[in-house]
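Observations on the three-dimensional arrangement
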Amino acid sequence: MDIRIHEPEADAAERAAVDAVLGAPVSAWVGGERDIEAEGHSSILGGHAARAGRDLLLPALHSVQERFGWLPPGALNYICRRLTVPPAEVFGVATFYHLFSLTPRPAAVIHVCDDIACRVNGAEHLCAEMEKMLASKTGITWKRSPCLGQCERAPAILVSQAGEAPRLFSQAPVASVAELMSKLDAAASNGEGPEPLRQSVPQAGQPGLRLIGRIGRVDPERLDAYRADGGYAALKRAIELGPEGVVREVLASNLVGRGGAAFPTGRKWEAVARAPARPHFVVCNADESEPGTFKDRLLMEGDPFAVIEGITIAAYATGCERGYFYVRGEYPLAAVRIASAIEGARGAGLLGKNILGTGFDFDIELRRGAGAYICGEETALFNSIEGKRGEPRNKPPFPVHVGLFGKPTVINNVETLANVPLIVSEGGAAYAGVGTSGSSGPKLFCVCGHIHRPGLYEVPFGRTLGELIEMAGGVPGRKRIRAILLGGAAGMFIGPENLDVPLTFEGTRAIGATLGSGVVMIFDETVDMAGILTRIAAFFRDESCGQCVPCRVGTVRQEELLARLRSGRTFGSQTDELALLKEIGQAMRDASICGLGQTASSAIESAFANLNGMPGRNGA
């Protein structure tokens, strides 16, 4: 391919940032020095070999962004040469993600979450303070951000500083920029040790916990501590069972995906194990971006080896030699902990060649997203790993047949994989005995909003919504509950009359709701529900990838309609507008390529159906 690249050329620092990921160039055809005697008029590195590295595009962009705070055009041109990718395609990928910038900006950028959980905990006040504090400052700026996955510690900010790794900071009201930076430096020096994690997991230390029992108790950075607490016994047991035996146990467990789709995990594994095409891949989907959700972040930060063991067992059962761990870009500590766990497992012979002396070869590569909710959709995530825009693919074919790099692929989220060692250790039938016949095992719930003890809670399926809220201390100030959002922005609003609903797939389905990703967000009687709904509509408008018309246009029209209702300047009567809202939602459900468009109206329509009209402040 004849790649035409115009000025400017990359300088030494820009080349070094790219080479840190791609290695030194071996040919002038891919950005190196020309050696006329060695190369003549042909390339040492063929085009196919160069383009085989396309999946390193996202890591290369991350390296440049973190070094300079933005993506200089010289560095982008150098990436094009190194990977033999046309500039238009690199530009298309770079502009897809909101954490990347193609224009110069200050070295420090503060991303302030103004999504729904942070909104009800003072985010708008924090944004106003940022506007005042930073109006006359140089070298630092701020911008609004969608959910940062810190909902239990809202309001949250993410600070990106050129030359440094990004840092998350929560419960963030401050009086000055100096105080903010001082707190950030203190947080960086103290680290996110056991105490902050314990604050996010109110049950930490309680007996009987199965998924979060190690958080705050076992050092997440020490493999020997994990093994002393029973870690990697499940992998040994899996090898005793053999691949088919492991799949049988997972099938018997009735485990379903914990990311929201609730597809039977054993059926997915069985399909990949039987697929004749080779190689097979396994992917951990840690692009947890649903507003209100933070369970996967806490599992990665607090018990990373359990997730690595789960993905290793999945690979063994389905015949995979390569795995990818895709962590959302807004989770810097989780990425560090997972990278450390991968390195530790590899050093102990638990990843790599001939694992535990059995002839089983398997290794994992870490990939980081860059701010795109759509990449939580499995096929969009595949495209992102492959160095393309994170746009969903049409299905069928399904990933179990044509997935990552066009090969059979197992993809599960973090919580799903964290259940796998439990199933293998105790047996699928015993695991299925926990919970209900239709919803087996323990379940993690992200409780946030107007609640006394926000955080991550583990309960067996079947506990009621009211019992979970009581565990979390109820609503502060003895205020009444106005609404409860189940499943996040793509979920459903229900009223306080549903507190007796069992937290199971079948129980929530019976009231027309969904468990989704495990979000339970509480809103008290003071909430401006109209403001919450317009923020949800803005979220889906911003996060639509724009690939299909129903979603690209429908999310905009939905937001416009809510703005009309809120202002009172409607097209016709309110009844006419609500009928149009239903039509827009139905069109998106029927014709959108992926789940984003299919669920973009769910929470909004449920608010009108279940909360008695256009919900305003105090229910007005």
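For the structure, see preceding data.
Treat the numbers as computed from the prediction; the structure is a model and nothing was measured.

A separate point is the state of the cysteines. Going through the model one piece at a time under the given rule, you end up with 0 disulfides. The thiol of Cys 375 is unpaired, and the distance to the nearest cysteine sulfur, on Cys 545, comes to 9.2 Å. When its relative accessible area of 1% is taken as the criterion, Cys 375 is described as buried.

Our focus in this paragraph is the packing of aromatic side chains. Evaluation of the coordinates by the stated rule reveals 14 aromatic pairs. Ring centres of Tyr 226 and Tyr 232 lie 5.7 Å apart, and the angle between their planes is 90°; this geometry places the pair in the edge-to-face category. Both rings, one in Phe 539 and one in Phe 540, keep their centres 5.3 Å apart while their planes meet at 80°; by these two values the pair is edge-to-face. Each member of the pair, Phe 539 as well as Phe 540, carries the same accessibility label: buried. Pairwise contacts between aromatic rings join Phe 96, Tyr 97 and Phe 100 into one cluster. Lying over the aromatic face of Tyr 331, Arg 328 brings its terminal NZ or CZ to 5.1 Å of the ring centre. Sitting above the plane of the Phe 445 ring, Lys 443 keeps its charged end 5.3 Å from the centroid.

Turning our attention to the side chain of Asp 114. Topologically, Asp 114 is positioned in the loop between strand S1 (108-113) and helix H7 (116-119). A residue is classified by how much of its surface remains accessible, and Asp 114, at 8% relative accessible area, is buried. At 3.0 Å, the side chain of Asp 114 forms a polar contact with the side chain of Arg 535. Aside from chain neighbours lying at most four places away, what touches Asp 114 is Arg 119, Ala 123, Glu 124, Cys 127, Arg 144, Ser 145 and Arg 535.

Attention now goes to the environment of Ala 603. Along the chain, Ala 603 turns up in helix H26 (residues 602-610). For Ala 603, a relative accessible area of 0% translates into the label buried. Note: C-alpha distance between Ala 603 and Gly 357 (246 residues apart in sequence) is 51 Å. With residues near it in sequence (within four places) discarded, Ala 603 still touches Leu 485, Ala 489, Gly 491, Met 492, Phe 493 and Ile 536.

Here Gly 406 is to be found in the loop between helix H17 (378-385) and strand S9 (409-413). Overall, the relative accessible area of 37% leaves Gly 406 in the partly exposed class. Note: C-alpha distance between Gly 406 and Gly 352 (54 residues apart in sequence) is 23 Å. If we ignore the near neighbours within four places in the chain, the residues touching Gly 406 are Glu 386 and His 401.

With that out of the way, let us pick up unusual backbone geometry. Here the amide bond leading from Lys 395 into Pro 396 is cis, since omega sits at 0°, within 30 degrees of zero. Relative to the assigned elements, Pro 396 resides in the loop between H17 and S9. Along the chain, Pro 396 connects to Pro 397 via a cis peptide bond; the corresponding omega equals 0°. Of note in this structure, Phe 405 is not a glycine but carries a positive phi near 55°. Inspection of the secondary structure puts Phe 405 in the loop between H17 and S9. Even without a glycine there, the phi angle at Arg 478 is positive, about 55°. Along the chain, Arg 478 turns up in the loop between helix H20 (465-471) and strand S12 (481-486).

Considering all chains together, one arrives at 45 salt bridges under this definition. Here Arg 222 ties to Asp 224 by a salt bridge, and the two come within 3.1 Å at their closest N and O atoms. By relative accessible area, Arg 222 is classed as partly exposed at 40%. Since its relative accessible area comes to 47%, Asp 224 is described here as partly exposed. Note that Lys 395 is salt-bridged to Glu 377, the shortest N-O span being 3.4 Å. With Lys 395 in the loop between H17 and S9 and Glu 377 in the loop between strand S8 (360-368) and H17, this residue pair connects regions lying 18 residues apart in the sequence.

Time to look at the sheet that holds S12. With mixed pairing, the 5 strands of this open sheet are ordered in space as S11-S10-S14-S12-S13. Of all the strands in the sheet, the pair left with one neighbour each is strand S11 (455-460) and strand S13 (492-494). If you compare each strand with its neighbour and ignore which way they point, the axes differ by 25° on average. Sheet analysis places strand S10 (residues 442-449) next to strand S14 (residues 519-524), joined by 4 bridges and oriented parallel. Bridge pairing links Gly 449 to Ile 522 in S14. Contacts from H26 reach S12 and S13 within the one sheet, and its direction differs from that of S13 by about 20°.

This brings us to the sheet that holds strand S2 (residues 140-145). One open sheet holds the 4 strands; their spatial order is S2-S1-S3-S4, and the pairing between them is mixed. At either margin of the open sheet sits one strand with a lone partner, and together these are S2 and strand S4 (167-170). Looking at each pair of strands side by side, their axes are set apart by 25° on average, direction ignored.

Turning our eyes to something else, we now look at the pairing of strand S5 (residues 280-286). Where burial is concerned, most of S5 is hidden: 7 out of the 7 residues are buried. Neither face of S5 is left uncovered, since the one carrying His 280, Val 282, Cys 284 and Ala 286 and the one carrying Phe 281, Val 283 and Asn 285 both have all their residues buried. As paired elements, S5 and S9 share 5 bridges and run parallel to each other. Its bridge partner being in S9, Val 282 is matched across the sheet by Val 410.

Rules used in this analysis
Position numbers for residues start from 1 in each chain and track the written sequence from start to end. The model is predicted, so local features are restricted to residues of pLDDT at least 70 and side-chain atom pairs to those at 80 or more, both for listing and for counting; the totals for chains, interfaces and linings are taken over all residues. Side-chain measures here rest on the full set of heavy atoms in the structure, leaving out hydrogens and waters. When two cysteine sulfur atoms are found within 2.5 Å, that pair is recorded as a disulfide. Burial classification: accessible surface area is computed with a 1.4 Å probe over protein chains only, and a residue below 20% of its type maximum counts as buried, one above 50% as exposed, and the rest as partly exposed. Centres within 6.5 Å are what make two rings of Phe, Tyr or Trp a pair, Trp counting through its six-membered ring; a difference in plane orientation under 30 degrees is then read as stacked, over 60 as edge-to-face, and the rest as tilted. Put simply, a charge is over a ring when the Lys NZ or the Arg CZ is close to the ring centre, within 6 Å, and near the line of the ring normal, within 35 degrees. Only DSSP runs of H or I with at least four residues qualify as helices, and only runs of E with at least two residues qualify as strands; both kinds are numbered from the N terminus onward. Counted as a polar contact is a pair of N or O atoms within 3.5 Å, where, for protein atoms, one must be capable of donating a hydrogen and the other of accepting one, and residues adjacent in sequence contribute only when both atoms are in side chains. By definition in these notes, contact holds between two residues if any of their heavy atoms fall within 4.5 Å. One side-chain nitrogen of Lys or Arg within 4 Å of one carboxyl oxygen of Asp or Glu is enough to make a salt bridge. Any two strands are treated as partners once DSSP identifies two or more bridges connecting them. Throughout, an axis means a line fitted to C-alpha atoms (over the contacting stretch in the case of helices), and angles, computed between N-to-C directions, take values from 0 to 180 degrees.

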